[in-house]
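As a plain string of letters, each chain reads:
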Amino acid sequence: EIAEILTHAAFYAGWPKGWAAFRMAKDVWGDETAEESRGGMFGLGQENAAYAQYFVGKSYLNPIASQGGVSISNVTFEPGCRNNWHVHHVGGQILLVTGGRGYCQEWGRPARELKPGDAVSIPPETKHWHGAAPDSWFSHVAIAVPAEGASNEWLEPVTDTEYAALDADCAQNP
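Residues numbered from 1 in each chain as written. Predicted model: local features only at pLDDT ≥ 70, side-chain atom pairs only at ≥ 80, totals over all residues. Heavy atoms only, no water.

Draft legend 1. Layout of the pairing of strand 7 (residues 93–100). By the bridge criterion, four bridges tie strand 7 to strand 10 (residues 119–122) in an arrangement that is antiparallel. Across the sheet, the residue bridging to Q93 is I122, located in strand 10. Sheet topology places strand 7 next to strand 12 (residues 138–144); seven bridges connect them, and they run antiparallel. From the neighbouring strand, L96 faces strand 12, where its bridge partner is V141. (Pairing = 2+ DSSP bridges. Helix = DSSP H or I, 4+ residues; strand = E, 2+ residues; numbered from the N terminus.)

Draft legend 2. Molecular detail of the side chain of T126. Structurally, the position occupied by T126 is in the loop between strand 10 and strand 11 (128–132). You can call T126 buried: its relative accessible area is 15%. Polar side-chain contacts of T126 include one of 3.0 Å to the backbone oxygen of P123. In this structure, T126 is in contact with H86, V87 and E106, ignoring residues within four places of it in sequence. (Buried < 20%, exposed > 50% of the residue type's maximum accessible area, 1.4 Å probe, protein only. Polar contact = N/O pair within 3.5 Å; in protein donor to acceptor, adjacent residues only side chain to side chain. Contact = heavy atoms within 4.5 Å.)

Here is the structure:
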């Protein structure tokens, strides 16, 4: 009902004011858990069945845009889901966190806790993984950095022991 009221108000007051009122209404009446479980601002997308073998838990993929070799997708992880260690050969990857709480870790370095607004630049040839915290859905926009000969190499899963130690590691290394 509130969406209908705001739509009518936007028609008469103008769409910029209508969108502002919609955002305020979402803050007041919104269900944060439901929004996160839908993949945040870019939507949940489809279950990521093509890459399921490289994930512990379920992930969802929603392609946003692709042009000139640049591929941009929203990736959503259910609580506890993470991808395997992997390497982006030649091109690298950029992650823009849009919802929930998660982690990213480069091989040999402490894990980094990620929250909305964080950005991660993963250089080419860097072994790493990323995924959701055990108690939170997690969404990020993944941008594949284009380069001639770019490819991904999927490696071993992040062990349950490594994953269970993350909250303590992140607390010590903010």
